[in-house]
Amino acid sequence: MVQSSLEKQLRGLMPRGRVLTAAAQLAGYDADGLGYKTFRPDAVVIPANVDELIAVLTASQSLGLPITMRGAGTSLSGGPVAAQGGIVVHTSALKSIRTICREGYWCEVECSVTLNQLDEALRPYGCFYPPDPSSGPVCTLGGNVAMNAGGAHCFRYGVTSHYVLGLEVVLLDGSVHRLGGPAGGRGDWQADWKRLMVGSEGTLGAFTRFWLRLLPRPEKAWTFRATFPDLASAERAIHALVAHPSFPVAIELMDPRCVAMVEQSPMAVGLPRDVFLIVTEIEGPAALVDARVDSVSELLTAAGAATVDYSDDETQRKKLWKARKVAGGLMGQLSPDFLVQDAVIPKRALAELLQLVYDEADAAGLRAVNVFHAGDGNLHPNFLFDSRNEQELHAVEAISQRLMQRVVDVGGTLSGEHGIGNDKTAYMPLVFGPDTLRLQLAVPAVFNPQHQLNPLKVFRSRRYQVQVHNNSDEASKSSHKFLNSNGAPRFTHFLDALDGIACVSAEATPAEIAALAGPHRLRFPLWLDDAAPLSQQIAAAEFAPASSRFGPFCDNITGMNWELPDGRLVRIGERVAKSTTGYDLLRFLLHSGESFGQARDYVMRLRPDCGNQSLAYLVGNLAEISAAVPRLLHSSWMNWCDACDVIVVPNSATTTLRISINAPASETDAYHGWLQELAVLTGLALTHEETDHVPRDGLPDAWWKTTPDRVVTLASKIAKRYGWTCIGLLYNGVVHGYAPGDVDRETFTSMQESFGSSLHELGGDLQSRHFPRNFPNPVEAQWLQILTREFAVQ
């Protein structure tokens, strides 16, 4: 398209927005944080509002050019760049924080709100949004959702996908769809489509706004900085911290090369230059974290730390973090270019992979430094080089290829939080063989079959078919070779006690998994029933009582051997707990029924067993419980209890709050003190008991997904109207219902009529293991038809 004609057409679509076509203007959009790979777009548009964004996408077919969505451009994988030319859509005008609902622990934000902007807005409400990539001052939530961003504190709190309750997306035909909402369920959709959107790297649609889950802000934090003379002692500390009952929120490691880089710069903090540095942090209620400080310090010393510094003072804590925080920025100042990879590995392979990085870089005469999220094995080797030197460029890409090959060989994955972009597409065949590649490409076949949105990202075969004049060949210029591979092998049964990961049969029972994990002081806490196999429990509901602390099943299952409807067995997901490698089919399929097949084996996350299991019961009438629940939800203690449930029994004068705690004996007094204070403040009767076995309520006959502030009211209505016993999972906004007898279709239909509409308005859900989900709407029926067809092709 002639440039003047393109500009005229774009200005006609956006009377208030901006259109950039001058070379000097476009230069600011030709790269992301990766820097050295540049792709000049034909034009950049900055819509003034959502209507103008919709107009651009609606006109995409007539424009006949690739469309690339862009936020702040801080991606480190070549994501928001015009790799095949075309139009970059910069969404910087969509930056409103629309709603903060403290009572329901959610917020509604537009896609270009920055992470730090949201954090400052949440502070007066006593809430926070946990994902914290280091680009927080400038990165946008749209980019975070597109790349499924993580950050230092995701070791304890999880990544972006754990916090997206819903999103609004504009597709290439201009249609606007809300997937989920404040309640975090499906809404009026049969399938959970938002799972595919998160981490899709701008290849499926344009995000306009999100509903995000919030947590009570921690009352207090302690930061520790420890130096170690060698990697062996630093590794001992990492493994001990991972298993420690303080559950650190962050475990970061800097190698001596990185420490020396900081100490040789104006940002020096006075550290010895030949040490490994660990920065770790614990946080929570003051009484709890203060009781943990000495044990964490002693752990670091026992592992071999030469020095241990720690503080709860905000100013001092920032100083302890300083070396870690400045490291990333320094690399860009000390070298013309740098490349950072973010593979995730089993932690037992840490020494081997670090040595590989050193050996390869030294042999090529390149500088390499390592600073990374050690708690979850998320490596960040940084290679410093000059891309104008073809020999150095070739060496860096060759090293990356050999590194990624070894990462997959040891059971790791290509990316934990940066995404694939166009930087890692050459390595995707290491992970995805022919069958799993077909399943992956089935996702864009639904929403973006011509790959007009963000082509040449995630998978190299994703090329927009209309010829583009200025960059169509440029994207393939690389010293990477397209790797031939059958992909990562299917999972075999294993237990990795160091990482707390196990692969078990889908038919494994709670007793069998306890026998496997228990000798290693590990546990799988998300049980609904004492006897039902894991597959039945996952099919019955998406949440268990312990989801209050550990999230739903989909946050605790990392991989599956999946049997397709035609009997083929394929690998879905990973054996590590963190991955942004491809579309998130695992979360989409896990609770999809049997339309697309069924799981034969699960890879599951296990959690440390802290030793003492106790239950507390606070009893009162419904009004007293209703008044007590907000106080409970607003407390940072919520983050440290396995479960906080309300039990509503029909025709009973009393209602019960049930709180489940797994903690070491040394912390019993702190927990009991908090519970006693809660009982006094709320006027509830308190009893508590030590137990070897947490009572399980059984598989629910139906379950409702709403917002946390609506749980008690909803549970009481169900109990009163239908005579069902209800267990409300308070923080998750979930009600599990148990019928007094057999469940008939008429009763469930009545429930759908009574509650379905109001739940769907919130993006909520109502499901029963006894009955299939409702029929899809016409749009979804078409999506499902495409996906089903693609899954069936061999």
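Residues numbered from 1 in each chain as written. Predicted model: local features only at pLDDT ≥ 70, side-chain atom pairs only at ≥ 80, totals over all residues. Heavy atoms only, no water.

Enquirer: I'd love a proper account of the overall build of the chain, names of residues and values included.
Expert: Across its full length, the chain holds 24 helices and 33 strands. Against the compact-globule benchmark of 28 Å for 794 residues, the chain has a radius of gyration of 26 Å, which places it among compact chains. Each principal axis of the C-alpha atoms in the chain carries an extent, and together these give about 75 × 65 × 50 Å. By the burial criterion, 64% of the 794 residues in the chain qualify as buried. Intrachain contacts of the chain at a sequence separation of at least 6 include 74% that bridge at least 24 residues. As presented, the chain carries roughly 28,300 Å² of accessible surface, and 50% of it is formed by carbon and sulfur atoms. Looking at charge distribution, the chain has the averaged site of its 69 positive side-chain charges lying 4 Å from that of its 85 negative ones. (Helix = DSSP H or I, 4+ residues; strand = E, 2+ residues; numbered from the N terminus. Rg over C-alpha atoms; globule rule 2.2 N^0.38 Å. Buried < 20%, exposed > 50% of the residue type's maximum accessible area, 1.4 Å probe, protein only. Contact = heavy atoms within 4.5 Å. Areas by Shrake-Rupley, 256 points an atom, 1.4 Å probe, with all protein chains shown as cover. Lys, Arg positive; Asp, Glu negative; His and termini not counted. Charge placed at Lys NZ, Arg CZ, Asp CG, Glu CD.)

Enquirer: So what's going on with helix 3 (residues 50-58)? Residues and values would help.
Expert: Listed as buried for helix 3 are V50, E52, L53, I54, V56 and L57. In this structure N49 caps helix 3, since a side-chain oxygen of it lies 3.2 Å from the backbone nitrogen of D51. (Polar contact = N/O pair within 3.5 Å; in protein donor to acceptor, adjacent residues only side chain to side chain.)

Enquirer: Explain the side chain of D642 to me, and be specific about the residues and the numbers.
Expert: Mapped onto the elements, D642 comes out in the loop between helix 20 (622-633) and strand 27 (643-648). Here the side chain of D642 touches R549 through a polar contact of 3.0 Å, side chain to side chain. If sequence neighbours within four positions are ignored, D642 has contacts with R523, P545, A546, S547, S548, R549, F550, Q613, S660 and N662.

Enquirer: Summarise the environment of A303; cite the residues concerned and give the values.
Expert: Of note, A303 is situated in helix 11 (residues 286-303). Residue A303 is classed as buried on the basis of its relative accessible area, which comes to 6%. Taking C-alpha positions, A303 is 44 Å from D709, a pair spaced 406 residues apart along the chain.

Enquirer: Give me the lowdown on the sheet that holds strand 3 (residues 67-70), citing residues and values where you can.
Expert: The mixed open sheet is built from 4 strands, whose spatial order is 1-2-4-3. Strand pairing shows two members of the sheet lacking a second neighbour, strand 1 (18-20) and strand 3, which therefore form its edges. Strand-to-strand twist of the sheet, defined as the mean angle between neighbouring strand axes without regard to direction, takes the value 20 degrees. Of the pairings in the sheet, the one linking strand 2 (residues 43-46) to strand 4 (residues 87-90) comprises 3 bridges and is parallel in character. What sits directly across from A43, in strand 4, is I87. (Pairing = 2+ DSSP bridges. Axes fitted to C-alpha atoms, helices over the stretch in contact; angles between N-to-C directions.)

Enquirer: Give a description of the packing of aromatic side chains that names residues and reports values.
Expert: By the definition in use, this model includes 23 aromatic pairs. Pairing F459 with Y583 gives two aromatic rings, centres 6.4 Å apart and planes at 35 degrees, and the pair type is tilted. Of this pair, F459 sits in the loop between helix 15 (434-447) and strand 19 (494-496) while Y583 sits in the loop between strand 23 (569-573) and helix 19 (585-590), and the two are 124 residues apart along the sequence. Assigned by exposure class, F459 and Y583 land together as buried. Clustering of aromatic rings is evident, with ring pairs tying together W189, W193, F447, F588, F596, W783 and F791. Lying over the aromatic face of W640, R292 brings its terminal NZ or CZ to 4.9 Å of the ring centre. Over the ring of W321 we find K325; its NZ or CZ atom is 5.1 Å from the centre of that ring. (Phe/Tyr/Trp six-rings, centres within 6.5 Å; stacked < 30°, edge-to-face > 60°. Lys NZ or Arg CZ within 6 Å of the ring centre and 35° of its normal.)

Enquirer: Requested: an account of the sheet that holds strand 19, with residues and values cited.
Expert: The strands making up a sheet are joined through hydrogen bonds of the backbone, oriented either antiparallel or parallel. Strand order across the open sheet formed by 5 strands is 19-20-24-22-23, with antiparallel pairing between neighbours. A strand with exactly one partner marks an edge of an open sheet, and here the two such strands are strand 19 and strand 23. Ignoring strand direction, the axes of neighbouring strands in this sheet form an average angle of 20 degrees. Summarising the sheet, strand 22 (residues 557-563) and strand 23 pair through 5 bridges and their orientation is antiparallel. Residue N561 lies in a different strand from strand 23, and its bridge partner there is R571.

Enquirer: Which residues make up the packing of helix 13 (residues 350-364) against helix 14 (residues 390-409), and what values do they have?
Expert: Two elements in contact, helix 13 and helix 14, have axes separated by 10 Å at closest approach and are oriented at 160 degrees. The orientation of helix 13 with respect to helix 14, classified from their angle, is roughly antiparallel. In this structure, the crossing between helix 13 and helix 14 has a hand that is right-handed. Between helix 13 and helix 14, the residues in contact are E352, L353, L356, V357, E360, A361 and A364 and A395, I399, R402, L403, R406 and V407, respectively. Here the contact of helix 13 with helix 14 is composed, by residue class, of 9 nonpolar, no polar and 4 charged. (Parallel < 35°, antiparallel > 145°, perpendicular 65-115°, else oblique. Left-handed = near helix turned anticlockwise from the far one by under 90°. Nonpolar A, V, L, I, M, F, W, Y, C, P; charged D, E, K, R; others polar.)

Enquirer: Give me the lowdown on the nonpolar core, citing residues and values where you can.
Expert: Among the nonpolar cores identified, the biggest contains 229 residues, and W193, L300 and W704 are the most heavily contacted of them. One finds V259, L271, V275 and V371 within the second-largest nonpolar core, a separate group that totals 22 residues. (Core = buried A, V, L, I, M, F, W, Y, C linked by side-chain atoms within 4.5 Å.)

Enquirer: Any chance you could break down the side chain of S112 for me, citing the residues and the numbers?
Expert: With respect to the helices, strands and loops of the structure, S112 is situated in the loop between strand 6 (106-110) and helix 5 (115-122). By relative accessible area, S112 is classed as buried at 6%. Of note is the side chain of S112, whose polar atom sits 2.6 Å from the backbone oxygen of T91. If near-sequence neighbours (up to four positions away) are discounted, S112 is found in contact with T91, S92, L94, K95 and T140.

Enquirer: Describe unusual backbone geometry, with residues and values.
Expert: Positive phi outside glycine occurs at Y105, with the angle close to 55 degrees. Mapped onto the secondary structure, Y105 falls in the loop between strand 5 (97-101) and strand 6. The class of Y105 is buried, set by a relative accessible area of 2%. Positive phi values are uncommon outside glycine, yet V458 reaches one of about 70 degrees. Of note, V458 is situated in the loop between helix 15 and strand 19.

Enquirer: Describe the environment of V164, with residues and values.
Expert: Looking at where V164 falls in the secondary structure, it is placed in strand 8 (residues 164-170). Look at V164 and you get buried, because its relative accessible area is 6%. Put simply, V164 and F447 are 283 residues apart on the chain and 20 Å apart in space, counted from C-alpha to C-alpha. Among all residues touching V164, those that are not within four sequence positions of it are V145, K194, V198, W211 and L212.

Enquirer: Before we move on, can you summarise the pattern of salt bridges with the specific residues and values?
Expert: Taken as a whole and judged by the stated rule, the model has 47 salt bridges. Across the salt bridge formed by D709 and R710, the nearest N and O atoms sit 3.7 Å from each other. The exposure class assigned to D709 is partly exposed, which follows from its relative accessible area of 34%. On the basis of relative accessible area, R710 is assigned to the partly exposed category, the value being 37%. R789 serves as the salt-bridge partner of E790, at 3.2 Å between the closest nitrogen and oxygen. Its relative accessible area of 11% is what places E790 among the buried residues. In this structure R789 comes out as partly exposed when scored by relative accessible area, which is 48%. Residues joined in a network through salt bridges with shared partners are R98, E108, E110, E168 and R209. (Salt bridge = Lys/Arg side-chain N within 4 Å of Asp/Glu carboxyl O.)

Enquirer: Please give an account of the pairing of strand 4 that cites residues and values.
Expert: What you see with strand 4 is no split at all: I87 and V89 on one side and V88 and H90 on the other are buried throughout. Looking at chain direction, strand 3 and strand 4 are connected through 4 bridges and run parallel. Following the sheet pairing, R70 is matched in strand 4 by H90.

Enquirer: Explain the environment of A577 to me, and be specific about the residues and the numbers.
Expert: Looking at the secondary structure, you find A577 in the loop between strand 23 and helix 19. Exposure remark for A577: the relative accessible area of 39% places this residue in the partly exposed category. Taking the C-alpha atoms as reference, A577 lies 42 Å from R721; in sequence the two are 144 residues apart. Not counting residues within four places of it along the chain, the set of residues in contact with A577 comprises I501, T558 and R605.

Enquirer: Which residues make up helix 23 (residues 745-761), and what are the values?
Expert: With 17 residues, helix 23 extends 23 Å from end C-alpha to end C-alpha; this agrees with the ideal 24 Å at 1.5 Å per step. Along helix 23, the largest kink reaches about 50 degrees and is centred on F755. Among all positions of helix 23, only T747, F748, M751, Q752, F755, G756 and L759 are buried. Check the buried side of helix 23 and you find it contacts strand 30 (702-705), helix 22 (711-722) and strand 33 (765-767). The backbone nitrogen of E746 lies 3.1 Å from a side-chain oxygen of the residue at the head of helix 23, namely D744. Looking one or two residues past helix 23, G763 carries a phi angle of roughly 75 degrees, positive in sign. (Expected span 1.5 Å × (residues − 1). Bend = angle between axes of the 7 residues up to and from the residue.)

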